[in-house]
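Secondary and tertiary structure notes
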Amino acid sequence: MMTIGVLAVQGAFIEHEKMVEKLGYQVVELRNKNDICNLDGLILPGGESTVQGKLIKELGMFDQLKELIEGGLPVLGTCAGLILLSRNISNDEARHFQTLPVTVERNAYGRQLGSFRTTSAFGFLCDVEMTFIRAPVITAIGEDVKVLSRVDEKIVAVEYKNQMGISFHPELGEDTRVLEYFLQKCRNFSKGQ
Ligand code: GLN
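Residues numbered from 1 in each chain as written. Predicted model: local features only at pLDDT ≥ 70, side-chain atom pairs only at ≥ 80, totals over all residues. Heavy atoms only, no water.

The next subject is the overall build of the protein chain. A count of helices and strands for the protein chain gives five helices and 12 strands. The C-alpha radius of gyration of the protein chain comes to 15 Å, within 12% of the 16 Å expected for a compact globule of 193 residues. The principal-axis extents of the C-alpha atoms in the protein chain amount to approximately 40 × 35 × 30 Å. Here the protein chain, with 193 residues, has 52% of them falling under the buried criterion. In the protein chain, once contacts between residues fewer than 6 apart in sequence are set aside, the share between residues at least 24 apart is 63%. Carbon together with sulfur atoms contributes 46% to the accessible area of the protein chain, which is approximately 9100 Å² in total. Separation of charge centres in the protein chain, based on 21 positive and 25 negative side chains, amounts to 2 Å. (Helix = DSSP H or I, 4+ residues; strand = E, 2+ residues; numbered from the N terminus. Rg over C-alpha atoms; globule rule 2.2 N^0.38 Å. Buried < 20%, exposed > 50% of the residue type's maximum accessible area, 1.4 Å probe, protein only. Contact = heavy atoms within 4.5 Å. Areas by Shrake-Rupley, 256 points an atom, 1.4 Å probe, with all protein chains shown as cover. Lys, Arg positive; Asp, Glu negative; His and termini not counted. Charge placed at Lys NZ, Arg CZ, Asp CG, Glu CD.)

Set out below in structure tokens:
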């Protein structure tokens, strides 16, 4: 059975867990460094990136998680999780894992359009349901970063090696295809190990 670690220090981790379990995978909640073992994939959920970044360090998980990501463990960062992965944040001093060569802008939709739902293409998938909640957008990408999705010309999903960064919340709603796409990467990774 494959095991997916879901960072569970703050934010929308329960919804990810439910969807991953529904798709037939085992979930382990990562609350401190002793929880980090034998993972086939890692999910960094939405929430508040500043708080999450602080807690990851305080709970002693930062170095180990960064090492795993750099070693190729598939990781899906959604919303705040995308911010944690990003190399640069245009409107924040904080830096976190910095493993994904992109620049993000936090809370890029401003107050008026804080939250909304839409559908768009995601890689080869059509009409994927996307829920945005005070979401960041990706304003610049480095070499070898593949754009998976744009909404109104703005980049909202990318892939770089085994890392995926997504502005929206793929775990909300009924559409499981983005999670399935990620879990396929996890299966490929564990087969190669
Ligand atoms: N606004 C949050 C941040 O900048 C992200 C929002 C979310 O994860 N839904 O950290």
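Now for the pattern of salt bridges. If you walk through the whole model with that rule in mind, you get eight salt bridges. Note that Glu70 is salt-bridged to Lys66, the shortest N-O span being 3.7 Å. Here Lys66 and Glu70 lie together in helix α3 (residues 62-70), a separation of four residues that amounts to about one turn. Judged by its relative accessible area of 54%, Glu70 is exposed. Owing to a relative accessible area of 22%, Lys66 belongs among the partly exposed residues under this scheme. Salt bridges sharing common partners tie together Glu48, Asp92 and Arg106. (Salt bridge = Lys/Arg side-chain N within 4 Å of Asp/Glu carboxyl O.)

A few words now on unusual backbone geometry. Although it is not a glycine, Cys79 sits at a positive phi angle of roughly 60 degrees. For Cys79, the location among the structural elements is in the loop between β4 (75-78) and α4 (80-85). On the basis of relative accessibility, which here comes to 4%, the residue Cys79 falls in the buried class. One non-glycine residue, Asp152, adopts positive backbone phi at about 50 degrees.

Below, the discussion takes up α3. Among the residues of α3, those classed as buried are Phe62, Leu65 and Ile69. For α3, the angular spread of the buried residues around the axis is 75 degrees, confining them to a single face. Residues of α3 that are exposed and point over 90 degrees away from its buried face: Asp63, Glu67 and Glu70. One or two steps after α3, the chain reaches Gly72, where phi turns positive at roughly 105 degrees. (Arc of directions from axis to C-beta.)

Among the structural elements, His96 can be located in the loop between β5 (86-89) and β6 (100-105). What His96 contacts, discounting residues up to four positions off in sequence, is Ser49, Gly53, Phe62, Ile83, Leu84 and Ile89.

The next point concerns the site of the ligand. Close to the ligand lie Gly46, Gly47, Glu48, Ser49, Cys79, Ala80, Ile83, Arg106, Asn107, Ile133, Arg134 and His169, which account for all nearby residues. Within the backbone of Ala80, a nitrogen or oxygen atom sits 3.0 Å from an oxygen atom of the ligand. At 2.9 Å from a nitrogen atom of the ligand is found a main-chain nitrogen or oxygen belonging to Ile133. For the ligand, the protein covers 97% of the area, taking 300 Å² as the surface of the free molecule. (Near = heavy atom within 4 Å. Polar contact = N/O pair within 3.5 Å; in protein donor to acceptor, adjacent residues only side chain to side chain.)

Of all hydrophobic cores here, the largest spans 32 residues; its most connected members are Ile43, Phe122, Phe132, Ile166 and Phe168. When contributions to this core are tallied by element, the ones reaching two or more residues are β1 (3-7), α1 (13-22), β7 (115-122), β8 (125-133), β10 (146-151), β11 (154-160), β12 (163-166) and α5 (177-192). For this core, the element with the most residues is α5, which contributes five residues. Not counting the four nearest positions on each side in its chain, Ile43 is found in contact with Ile4, Gly5, Val6, Leu7, His16, Val20, Leu76, Leu179 and Phe182. (Core = buried A, V, L, I, M, F, W, Y, C linked by side-chain atoms within 4.5 Å.)

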